[in-house]
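Examination of the molecular architecture
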Amino acid sequence: AEVFEKVAPSVAFVEVNDGTGSGFLVDGGYLITNAHVVWPNDKARVVFSDGSEHEDVPVRNWDLLADLAVLGPLDTKQQPLTLADGENLPIGSEIYLIGYPGEVEDLPEPTLTQGVLSRRREWQAAKLTYLQSDATIIGGQSGGVLVSNAGEVIGISGLGWPAAWDGFRFAMVASAADLAPRINALMMDILSNPGIH
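Note that the structure is a prediction, hence the values are computed from the model and not measured.

Comments concerning the pattern of salt bridges
- For the coordinates displayed, the defined rule picks out four salt bridges.
- The residue Arg45 makes a salt bridge to Glu53 at a minimum N-O spacing of 2.7 Å.
- Note on Glu53: relative accessible area 38%, which makes it partly exposed.
- The shortest N-O distance in the salt bridge between Arg182 and Asp63 comes to 3.0 Å. Here Arg182, found in helix H3 (residues 176-192), pairs with Asp63, found in strand S5 (residues 53-63); they are 119 residues apart in sequence, far enough to count as distant.
- Here the salt bridges share partners, and the residues they tie into one network are Glu15, Arg45, Glu53 and Glu55.

Next up, the structure:
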């Protein structure tokens, strides 16, 4: 409950013409989500759990290899989240996914699912580590956050594995430690070129 209360207000529901997903606030009022949540749209609708709604939020930058997109900035009272390194957590550590899976409501509330860190998988070509968990993951969770039991954001949701199986799926979450430099690079592009889109 403490983890949810700390993190969930800054996790948003993201909606485009052909789908929905999740995202989370970072400094400057910008929202981070998975690129596949918003691609190829240039705007999205964003809703927070307090009912605040933002229409036509611009999609500002992409990293398609790492499956990242930056939206905003948003005028919001919600607090930004910071990314932490969870790659050294012991296997079996309690972790939580927070996002908006399978959402159909216009003004939804975020969902919390719990699991354990099952293993780490490496995508060496992209220099990305994925944290695997048995926490439940379904469509709409993409762009949400993986959180340690200390309330630290240690990953960004994006994949379920195996993708073709209709039964149990492991959550495959990109490590926040590996994504942080990529997010910083996207933000620097935006700040150095305000017209970037």
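Having put the structure on the table, let's press on.
Considerations on the environment of Arg119
- Its place among the elements puts Arg119 in strand S8 (residues 111-123).
- In sequence terms Arg119 and Ser148 are 29 residues apart; their C-alpha atoms lie 14 Å from each other.
- If sequence neighbours within four positions are ignored, Arg119 has contacts with Ile91, Tyr130, Leu131 and Gln132.

Here's the deal with the nonpolar core
- Grouped together as the largest cluster of nonpolar side chains are 31 residues, with contacts concentrated most on Val11, Phe24, Ile32, Leu68, Val145 and Leu179.
- Here Phe24 is in contact with Ser10, Val11, Tyr30, Leu31, Ile32, Leu81, Leu83, Gly143, Val145 and Ile156, once residues within four sequence places are set aside.

Some details on the pairing of S5
- Here strand S4 (residues 43-47) runs beside S5; their pairing, made up of four bridges, is antiparallel. When the bridges of S5 are listed, Val47 appears paired with Glu53.
- From the end of S4 to the start of S5, which pair antiparallel, there are five residues, and Gly51 there has a positive phi angle of about 90°.
- Across four bridges, S5 lies against strand S6 (residues 68-71) in antiparallel orientation. Residue pairing across strands places Asn61 opposite Val70, the latter belonging to S6.

As for H3
- The terminal C-alpha atoms of H3 lie 24 Å apart, and with 17 residues this matches the ideal 24 Å at 1.5 Å per residue to within 8%.
- Its side-chain oxygen 3.2 Å from the backbone nitrogen of Ala177, Ser175 forms the N-cap of H3.

A short note on the confidence of the model for the protein
- For the protein, the mean per-residue pLDDT works out to 90, and 92% of the residues sit at or above 70.
- Mean pLDDT across the secondary structure elements of the protein bottoms out at strand S11 (residues 153-161), with 80, and peaks at strand S3 (residues 30-33), with 98.

Notes on the environment of Gly158
- Considering the arrangement of structural elements, one finds Gly158 in strand S11.
- Among residues more than four places away in sequence, those in contact with Gly158 are Asn34, His36, Ser142 and Met172.

Regarding the packing of aromatic side chains
- Enumeration according to the criterion identifies two aromatic pairs in this entry.
- Judged by centre distance (5.7 Å) and plane angle (55°), the ring pair of Phe13 and Tyr100 falls under tilted. Highlighted residues: Phe13 in strand S1 (residues 11-16) and Tyr100 in the loop between strand S7 (94-99) and S8, separated in sequence by 87 residues. Residues Phe13 and Tyr100 agree in their burial class; the two are buried.
- Between Trp39 and Trp62 the ring centres are 4.8 Å apart and the planes differ by 80°, which places this aromatic pair in the edge-to-face class. Taken as a pair, Trp39 in the loop between helix H2 (35-38) and S4 and Trp62 in strand S5 lie far apart in primary sequence, 23 residues in all.

About the thresholds
- Residues numbered from 1 in each chain as written.
- Predicted model: local features only at pLDDT ≥ 70, side-chain atom pairs only at ≥ 80, totals over all residues.
- Heavy atoms only, no water.
- Salt bridge = Lys/Arg side-chain N within 4 Å of Asp/Glu carboxyl O.
- Buried < 20%, exposed > 50% of the residue type's maximum accessible area, 1.4 Å probe, protein only.
- Helix = DSSP H or I, 4+ residues; strand = E, 2+ residues; numbered from the N terminus.
- Contact = heavy atoms within 4.5 Å.
- Core = buried A, V, L, I, M, F, W, Y, C linked by side-chain atoms within 4.5 Å.
- Pairing = 2+ DSSP bridges.
- Expected span 1.5 Å × (residues − 1).
- Polar contact = N/O pair within 3.5 Å; in protein donor to acceptor, adjacent residues only side chain to side chain.
- pLDDT = per-residue confidence, 0-100.
- Phe/Tyr/Trp six-rings, centres within 6.5 Å; stacked < 30°, edge-to-face > 60°.

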